[in-house]
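Overview (structure and organization)
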Number of protein chains: 4
Amino acid sequence: MKKIKSVAIVVKPHAPNLREVLSELIGFLEGRHIDCLLEEAAAEKLERGDGFRREDLPSRADLIVVLGGDGTLLSIARAAARAGAPVMGVNMGHLGFLTEVPVGEMTLALEAVLSGNESIVSPRWLLEAKLGDKVFHCLNDVVINKSALARMVQMRIWVDGLEVAVPRADGLIVATPTGSTAYSLSAGGPILQPHIPAFIIAPICPHTLTFRPMVVSSSSGIRVQLLTGEEEVYLTLDGQRGVTMEKGDEVEVRRSGLELQLISSPRRNYFRLLKEKLGWGE
Amino acid sequence: MKKIKSVAIVVKPHAPNLREVLSELIGFLEGRHIDCLLEEAAAEKLERGDGFRREDLPSRADLIVVLGGDGTLLSIARAAARAGAPVMGVNMGHLGFLTEVPVGEMTLALEAVLSGNESIVSPRWLLEAKLGDKVFHCLNDVVINKSALARMVQMRIWVDGLEVAVPRADGLIVATPTGSTAYSLSAGGPILQPHIPAFIIAPICPHTLTFRPMVVSSSSGIRVQLLTGEEEVYLTLDGQRGVTMEKGDEVEVRRSGLELQLISSPRRNYFRLLKEKLGWGE
Amino acid sequence: MKKIKSVAIVVKPHAPNLREVLSELIGFLEGRHIDCLLEEAAAEKLERGDGFRREDLPSRADLIVVLGGDGTLLSIARAAARAGAPVMGVNMGHLGFLTEVPVGEMTLALEAVLSGNESIVSPRWLLEAKLGDKVFHCLNDVVINKSALARMVQMRIWVDGLEVAVPRADGLIVATPTGSTAYSLSAGGPILQPHIPAFIIAPICPHTLTFRPMVVSSSSGIRVQLLTGEEEVYLTLDGQRGVTMEKGDEVEVRRSGLELQLISSPRRNYFRLLKEKLGWGE
Amino acid sequence: MKKIKSVAIVVKPHAPNLREVLSELIGFLEGRHIDCLLEEAAAEKLERGDGFRREDLPSRADLIVVLGGDGTLLSIARAAARAGAPVMGVNMGHLGFLTEVPVGEMTLALEAVLSGNESIVSPRWLLEAKLGDKVFHCLNDVVINKSALARMVQMRIWVDGLEVAVPRADGLIVATPTGSTAYSLSAGGPILQPHIPAFIIAPICPHTLTFRPMVVSSSSGIRVQLLTGEEEVYLTLDGQRGVTMEKGDEVEVRRSGLELQLISSPRRNYFRLLKEKLGWGE
């Protein structure tokens, strides 16, 4: 890990106690002569002048600290992966799968990062989805989903050019291992350890009883064609952005070259996180 | 069953072979001196003057024949139940759970109906759903569903005034036994024989691993309150009509006094229908 | 409810604090001039002479109190239903679905019973299973199960003489609503409110993807024939007794005329019990 | 692939048409001057002297052809992997996941093998399971299973020394990707493409609603300790051999160094096999 000289701080604007946590964080970092770069909402909160806009994550940051929830972290995941800066998610409320550091352990985790402790960096590969000439990079998942008022959609799915299935369903999820604890889990998908080189393909409310979640190699190319047309159908990326799909449209998914350096909690391993978040196996 | 003197015919306008099937049906009925009342699209197809509009199902019809799919039948289910006239669904393509008579067995089934054979009438109770001052009657289900681009919704569910659960999910289905083979099945719900006096309460993609489909008495009152507010949420009725829900809105569901007299196929029982439609247990 | 003059007390012999709880219970009852009849293990614990054997539940008991777990209560459920005496289950450790009264609420519940409070009696119908000339009555379920070392079994299932399915699986569960929170739930079955007049038919680890849990009327007759023969297969009754099945053997299941009068906790309703036991919907 | 000079032929003794298929196979091979080594049951069938015993698979065979079902192939999988000889499974009845070549395509597949076509060889890694001083190698899965008459078992599971869960269930499956279409699928596990470097950990009928199938890296070490003791519990290997487990016993599972060279059908890919066997996604 690179020596940390400046840290970008991204915040969920209305998180409770944001001002206190920000002050503690900045105090800790500036006390160690580390430069703090604040997102607009954070700068405003502390009346420290102009901050950066979230879409212009400062390239000179050696570390990004997110004060918020998994949604906040997802919103900067692609930019952070592109910049190569590690990201530490401090959850301001409930423990998150991406924001696994509680406020009370923030300085402990920062000390581990600053001391160059590599063991708490968990690399997470992203997927790349293409729809026409648009290209998206996602940390969790890409989802094809009908609108609330529509009937089901029908799709044709290929893996490496081989037809896999032609299911009718509410939709379809293609998830990374990181996304296995997010929407895919609700749809009945399995949990995958973060570093497994494989995608989950999980149908959402399939009308077909014989189509269940599958796990295919992350070196595969997955292609999904929308066969139905009358209904409103959306492609959503990490549950955040959505674009409309038309009949005949094809989405191509493969492993992206991008990788996010996610800081994990020094106090909990992956399985303990499953227990704390989901009551796993108890 | 009342003696059949006039039959209302409802059609799916673009069904393949509609003209031929209509001609065969009308020939059969008029040959037995039974009056045929045609829906607009049917009248137009045969150039037999003005037909009735689907929302004005003629009250003097002693039988309603639907040429179409389950969706077509659902669209007149409430009106037919209110009128007390039995409904026979003739599927114009795939076998349906409501339209279980294939074209090739249409006259056989009609003969059974005209001869007063009670055994092929399958009474199906409807549910009643109230949202504010709106009241709906549904044959299959009432569904609370988030829009494609929204995160999850959170709801509070009571049965007979007792709190059951406060799940976070994509949505929630309350289904009749007739609806158990429709959307509820896709969401993981059990199949109920049509005459069981019970509702299914099934979450859609629950984020909570500990909430699974439940079956509660049809004499119960079910109440669901929407706890989340930022997202677009819809209440859909039999997958056909949708109304917007706001944070705090409550839906109350109970058994309706209405009952649909559905004509079942003389050639297949309920379990054979499951096999033909779903490959059940094979 | 009949006036309570004598109470039979059944115990799980090695339950922790059994002596103390027994003393409290007997003190409470004898203080109200109610006769206490003790099972052997209880009589021995308190050195109060000979007790009755569990299989000879005294017919003059007006109430049966079980100090133990659901297994202890299941072991006397048939005899109690036959005798018509209500049963109160006091759990000596974990809350049970049948033994829902904790030790700390024992006297509160007893007071409600003695005062003739009918509202805490939850009638539970039993099922009757026939295998050859043997007849069994079960409160929870009847299970066809292969042995650990066997492959799968194949069965043919009829409901009211109509063939339902011919699945290959590890086994099959036919459960009452009371049994819906027991083994059936582990196999993926739905939860049914106790008074729903319906059976659950749930496959255990089906090899057939198209066979899922079904709910059929309690007025139905269910018949299951074992089609495979080389393997060891057992019929187990309420998870307690087992008999061997041979190829071609048929099990017939219907609603029994017997009903257990189960005393429920005055402090918790059915849904709260689900929450406390299963973390339902949280 | 090595030049094929001799082929060992393993058979399911009572397979229908065994004599005819054997004659065709031997005629084909001997016509190409390839030596045929027959298992006892095959030699007897054709009255060709003594055959080898299945447990003494001849080491000089350059290819093993199995005429039978998946069970027959599983019975020699370990020995074949150890010997390094590729295995071609010809199913004598139903298509199998391991015996995917139908009799009618046998010579076509053999020609592909003899011509050195590498593309039809599908390498399948085995798992290694240790219980005390016994070591087993399995192609599909290792299963901890209670007996039919027992209650549930409780286990503690670790992955790489980290505690994962302490579930109560009927049992637990640890499967390879090759085993993902076998028992694990019945227990609700996902399907994994054969070459994914990951294990499935799937509970059998879990009493714990919060424990679902997981996928962990094949470079992990999985350890399972049996916590319950009163019941009969078995460890079964590829559904074929079983050994008794006692309270406190630990099973350790990791990837074996062994790999089976499985000949796949030149006519069907993995997804087509899923469709033909399971009706996948239709």
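Residues numbered from 1 in each chain as written. Chains lettered and ligands numbered in written order. Predicted model: local features only at pLDDT ≥ 70, side-chain atom pairs only at ≥ 80, totals over all residues. Heavy atoms only, no water.

The next subject is the overall build of chain A. Looking only at helices and strands, chain A features six helices and 19 strands. Taking 19 Å as the expected radius of gyration for a compact globule of 282 residues, we find that chain A reaches 20 Å, a close match to that expectation. Summarising its shape, the C-alpha atoms of chain A cover approximately 60 × 40 × 30 Å along the three principal directions. Each of the 282 residues in chain A was classed as buried or not, and the buried ones make up 61%. Long-range pairs, those at least 24 residues apart, make up 67% of the contacts in chain A with a sequence separation of at least 6. Surface accessibility of chain A: about 10,600 Å² in total, with carbon and sulfur atoms responsible for 45%. Separation of charge centres in chain A, based on 31 positive and 34 negative side chains, amounts to 3 Å. (Helix = DSSP H or I, 4+ residues; strand = E, 2+ residues; numbered from the N terminus. Rg over C-alpha atoms; globule rule 2.2 N^0.38 Å. Buried < 20%, exposed > 50% of the residue type's maximum accessible area, 1.4 Å probe, protein only. Contact = heavy atoms within 4.5 Å. Areas by Shrake-Rupley, 256 points an atom, 1.4 Å probe, with all protein chains shown as cover. Lys, Arg positive; Asp, Glu negative; His and termini not counted. Charge placed at Lys NZ, Arg CZ, Asp CG, Glu CD.)

Bringing the relation of the copies chain C and chain D into the picture now. The transform that puts chain C on chain D rotates by 180° and translates by 0.0 Å along the axis, for an RMSD of 0.0 Å. Taken together, the rotation angle and the small translation identify this as a two-fold axis. Proximity to the rotation axis, assessed at the C-alpha, singles out Ser147 of chain C in chain C; its C-alpha lies 2.7 Å from the axis. Taken as a fraction of all interface residues of chain C, those also at the interface in chain D reach 100%, which identifies the copy contact as same-surface. (Least-squares fit on C-alpha atoms with pLDDT ≥ 70 in both.)

What follows covers the environment of Leu74 of chain A. Residue and element names in this part refer to chain A. Structurally, Leu74 is set in helix H3 (residues 70-83). In this structure, the C-alpha to C-alpha distance between Leu74 and Lys5, residues 69 residues apart in sequence, is 24 Å. Residues within four places of Leu74 in sequence aside, it is in contact with Leu98, Leu139, Asn140, Asp238 and Gln240.

Opposite charge on two side chains permits pairing when their charged atoms draw close. Throughout the structure, instances matching the rule amount to 56 salt bridges over all chains. Among the ionic pairs, Glu276 of chain A bridges to Arg268 of chain A, the shortest N-O distance being 3.3 Å. In this structure, Glu111 of chain B engages Arg32 of chain B in a salt bridge whose closest nitrogen and oxygen atoms are separated by 3.7 Å. Pair noted here: Glu111 of chain B is in helix H4 (residues 106-114) and Arg32 of chain B is in the loop between helix H1 (18-30) and strand E2 (35-38), with a separation of 79 residues, a long-range link. Assessed through its relative accessible area of 39%, Arg32 of chain B is described here as partly exposed. (Salt bridge = Lys/Arg side-chain N within 4 Å of Asp/Glu carboxyl O.)

Here Gly281 of chain D shows up in the segment after helix H6 (270-278). Among residues more than four places away in sequence, those in contact with Gly281 of chain D are Ala165, Val166, Pro167, Thr208, Thr210 and Phe211 of chain A.

Further remarks concern the interface of chain C and chain D. Counting from both sides, the interface comprises 23 residues of chain C and, opposite them, 23 residues of chain D. Roughly 1,800 Å² of surface becomes buried between chain C and chain D when both sides are summed, with 63% attributable to carbon and sulfur atoms. Seen at the junction of chain C and chain D, the total is zero salt bridges. Put simply, chain C and chain D have four residue pairs in polar contact (both at pLDDT 80 or more) between them. Where the side of chain C that touches chain D is concerned, the elements lending two or more residues are strand E8 (141-146), helix H5 (183-186) and strand E17 (233-237) of chain C. Residues belonging to the side of chain C that touches chain D are distributed by class as follows: 12 nonpolar, eight polar and three charged. (Buried area = accessible area lost by both parts, 1.4 Å probe. Polar contact = N/O pair within 3.5 Å; in protein donor to acceptor, adjacent residues only side chain to side chain. Nonpolar A, V, L, I, M, F, W, Y, C, P; charged D, E, K, R; others polar.)

Further remarks concern the packing of helix H1 (residues 18-31) of chain A against helix H4 (residues 106-114) of chain A. Residue and element names in this part refer to chain A. For the pair H1 and H4, the least separation of the axes is 11 Å and the interaxial angle reads 30°. One finds that H1 runs roughly parallel with respect to H4. As for the relative orientation of H1 and H4, their crossing is right-handed in sense. Contacts between H1 and H4 pair Val21, Glu24, Leu25, Phe28 and Leu29 from the former with Met106, Thr107, Leu110, Glu111 and Leu114 from the latter. In terms of residue class, the contact of H1 with H4 is made up of seven nonpolar, one polar and two charged. (Axes fitted to C-alpha atoms, helices over the stretch in contact; angles between N-to-C directions. Parallel < 35°, antiparallel > 145°, perpendicular 65-115°, else oblique. Left-handed = near helix turned anticlockwise from the far one by under 90°.)

The strand order E13(A)-E15(D)-E14(D)-E12(D)-E8(D)-E17(D)-E18(D) describes an open sheet built from seven strands, whose pairing is mixed. Of all strands in the sheet, those bounded by a partner on one side alone are strand E13 (191-192) of chain A together with strand E18 (241-245) of chain D. Where strand E12 (residues 171-175) of chain D lies against strand E14 (residues 198-204) of chain D, five bridges are found, and the strand directions are antiparallel. Bridge assignment links Gly171 of chain D to a residue of E14 of chain D, and that residue is Ile204 of chain D. (Pairing = 2+ DSSP bridges.)

It is worth spelling out the relation of the copies chain D and chain A at this point. Take chain D, turn it by 180°, move it 0.0 Å along the axis, and it overlays chain A with an RMSD of 0.1 Å. When you check the interface residues of chain D against chain A, 100% turn up at the interface there too, and the contact is symmetric in its surfaces.

In this structure, Ile173 of chain B, Ile173 of chain C together with Ile173 of chain D are the most contacted members of the largest nonpolar core, which totals 51 residues. At the level of elements, strand E12 (171-175) and strand E14 (198-204) of chain A, strand E12 (171-175) and strand E14 (198-204) of chain B, strand E12 (171-175) and strand E14 (198-204) of chain C together with E12 and E14 of chain D are the ones that each hand at least two residues to this core. Setting aside chain neighbours within four positions, we find Ile173 of chain D in contact with Asp141, Val142, Val143, Tyr183, Ser184, Ala187, Ile200, Ile201, Ala202 and Ile204 of chain D. (Core = buried A, V, L, I, M, F, W, Y, C linked by side-chain atoms within 4.5 Å.)

The interface is formed by 37 residues belonging to chain D together with 37 residues belonging to chain A. When the two sides are added together, the surface that chain D and chain A hide from each other amounts to roughly 2,900 Å², 58% of it contributed by carbon and sulfur. On the chain D side of the contact with chain A, Arg212, Phe271 and Trp280 of chain D bury the most area, a combined 21% of that side's loss. There are two salt bridges connecting chain D and chain A. Lys275 of chain A is the salt-bridge partner of Glu163 of chain D, the closest N and O atoms lying 2.7 Å from each other. Remark: the boundary between chain D and chain A carries 18 residue pairs in polar contact (both at pLDDT 80 or more).

Residues and elements named next belong to chain D. By the element assignment, Gly257 lies in strand E19 (residues 250-263). The class for Gly257 is exposed, based on a relative accessible area of 81%. In sequence terms Gly257 and Ala109 are 148 residues apart; their C-alpha atoms lie 27 Å from each other.

Residue and element names in this part refer to chain D. In terms of burial, strand E16 (residues 222-226) is largely enclosed, as four of its five residues are buried. Across five bridges, strand E9 (residues 153-159) lies against E16 in antiparallel orientation. What sits directly across from Ile157, in E16, is Val224. Bridge count for E16 against E19 is four bridges, and the pairing is antiparallel. Looking across to E19, one finds that Arg223 is bridged to Glu252.

The next thing to look at is the side chain of Thr178 of chain D. Within the secondary structure, Thr178 of chain D is located in the loop between E12 and helix H5 (183-186). Beyond its immediate chain neighbours, meaning those up to four positions away, Thr178 of chain D contacts Leu98, Arg124, Leu139 and Asn140 of chain D.

This paragraph deals with helix H4 (residues 106-114) of chain D. Structurally, the α-helix is built with 3.6 residues per turn, so residues lying three or four positions apart point the same way. Residue and element names in this part refer to chain D. Residues of H4 that are buried: Met106, Ala109, Leu110, Ala112 and Val113. Around the axis of H4, the buried residues are gathered within 160° of arc, so they sit on the same side. Buried residues along H4 sit against helix H1 (18-30), strand E3 (63-68), strand E4 (87-91), strand E5 (101-102) and E19. One or two positions beyond H4, positive phi appears at Gly116, with a value near 80°. (Arc of directions from axis to C-beta.)

Residues and elements named next belong to chain D. Its place among the elements puts Asp62 in the loop between helix H2 (40-46) and E3. Polar side-chain contacts of Asp62 include one of 2.6 Å to the backbone nitrogen of Lys5. Residues within four places of Asp62 in sequence aside, it is in contact with Lys2, Lys3, Ile4, Lys5, Ser6, Ala85 and Pro86.

Our next topic: the confidence of the model for chain A. When the pLDDT values of chain A are averaged, the result is 94; 100% of them are 70 or greater. In the predicted complex, the global pTM is 0.96; the interface-specific ipTM is 0.94. (pLDDT = per-residue confidence, 0-100.)

With that out of the way, let us pick up the packing of aromatic side chains. By the definition in use, this model includes 12 aromatic pairs over all chains. Each ring, one from Phe211 of chain B and one from Trp280 of chain C, has its centre 5.6 Å from the other, and the planes form 75°; the classification is edge-to-face. A residue pair is termed interchain when its members come from two chains, as with Phe211 of chain B in the loop between E14 and strand E15 (214-217) and Trp280 of chain C in the segment after helix H6 (270-278). Both residues of the pair, Phe211 of chain B and Trp280 of chain C, belong to the buried class. Between Trp125 of chain D and Phe199 of chain D the ring centres are 5.2 Å apart and the planes differ by 85°, which places this aromatic pair in the edge-to-face class. Of this pair, Trp125 of chain D sits in strand E6 (residues 121-131) while Phe199 of chain D sits in strand E14; the two residues are 74 residues apart in sequence, bridging distant segments of the chain. (Phe/Tyr/Trp six-rings, centres within 6.5 Å; stacked < 30°, edge-to-face > 60°.)

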